[in-house]
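# Tertiary structure, described
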Amino acid sequence: MDYNWQTIMAQSINIKNKKAQFEYFLLDIFTAGIQLTGTEIKSLREGKASLTDAYCMFKGDELFVINLHISEYKFGSHYNHEPKRDRKLLLNRRELKKILTKTKEKGFTVIPTLLYINENGLAKLEIAIAKGKKLYDKRESLKIKDNRREMEHNF
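Worth saying up front: this structure is predicted, and the values here are computed from it rather than measured. (Residues numbered from 1 in each chain as written. Predicted model: local features only at pLDDT ≥ 70, side-chain atom pairs only at ≥ 80, totals over all residues. Heavy atoms only, no water.)

## Considerations on the packing of aromatic side chains
Considering all chains together, one arrives at zero aromatic pairs under this definition. Of note, Lys131 hangs over the ring of Phe108, and the distance from its end group to the ring centre comes to 4.9 Å. (Phe/Tyr/Trp six-rings, centres within 6.5 Å; stacked < 30°, edge-to-face > 60°. Lys NZ or Arg CZ within 6 Å of the ring centre and 35° of its normal.)

Laid out in structure tokens, this is it:
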């Protein structure tokens, strides 16, 4: 059997932002490339990243992900990266324009939902235009989740 190491690596790295679905209504989802340094991609391939407090913000006409934590690479020297630096997202101009017009509306934000490495070995970040949930919406989400879990348990 011939195994491609990139395909194996791509299947194993799948870092989700579990809080995002609970805290927000996810409206539009985009897949963006992410500009990384050498030690960042190596650390990411080891699965050492967290999307917990991350969000996206425009600086000029470019979109950046802020507070995305990628741990320092353990074999890195003085060239190692800063764990929570701002990283540029790579989207085409039409997608950027669509996101910008949506985020200018009150109550909308852009949050990362999934960080993965695709079959070509490139890091991709799935971002979503989201609207914050109110407390009663969160309670409703918990009820639905509990009911689904109970149904699965009964079968």
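## Things to note about the pairing of strand β8 (residues 108–117)
Most of β8 sits out of view: nine of its ten residues are buried. In terms of strand pairing, strand β1 (residues 14–16) meets β8 through three bridges, oriented antiparallel. Among the inter-strand pairings, Lys16 is bridged to a residue of β8, identified as Leu114. Note: β8 against strand β9 (residues 123–132), nine bridges, orientation antiparallel. (Buried < 20%, exposed > 50% of the residue type's maximum accessible area, 1.4 Å probe, protein only. Helix = DSSP H or I, 4+ residues; strand = E, 2+ residues; numbered from the N terminus. Pairing = 2+ DSSP bridges.)

## Focus on the nonpolar core
Of all hydrophobic cores here, the largest spans 28 residues; its most connected members are Leu63, Leu89, Ile99 and Ile127. Broken down by secondary-structure element, the contributors of at least two residues to this core are β2 (24–34), α3 (38–45), β4 (55–59), β5 (62–66), α4 (93–103), β8 and β9. With sequence-adjacent residues up to four places away left out, Leu89 is seen in contact with Ala32, Gly33, Ile34, Cys56, Leu63, Phe64, Val65, Leu125 and Ile127. (Core = buried A, V, L, I, M, F, W, Y, C linked by side-chain atoms within 4.5 Å. Contact = heavy atoms within 4.5 Å.)

## Description of the environment of Gly121
Mapped onto the secondary structure, Gly121 falls in the loop between β8 and β9. Gly121 sits in the buried class, given a relative accessible area of 10%. For the pair Gly121 and Ile41, spaced 80 residues apart in sequence, the C-alpha separation works out to 9.6 Å.

## Remarks on the pattern of salt bridges
Summed over the entire model, instances satisfying the criterion amount to seven salt bridges. Two residues, Arg85 and Glu40, come together in a salt bridge whose shortest N-O distance is 2.8 Å. With Arg85 in the loop between β6 (69–70) and β7 (87–90) and Glu40 in helix α3, the pair connects residues that are 45 residues apart, well separated along the chain. We classify Arg85 as partly exposed; its relative accessible area is 25%. Residue Arg87 is joined to Glu40 by a salt bridge in which the shortest nitrogen-to-oxygen separation is 2.8 Å. Highlighted residues: Arg87 in strand β7 and Glu40 in helix α3, separated in sequence by 47 residues. The class of Arg87 is buried, set by a relative accessible area of 0%. For Glu40, a relative accessible area of 0% gives the class buried. (Salt bridge = Lys/Arg side-chain N within 4 Å of Asp/Glu carboxyl O.)

Keep in mind that these numbers describe shape and distance, not what the molecule does.
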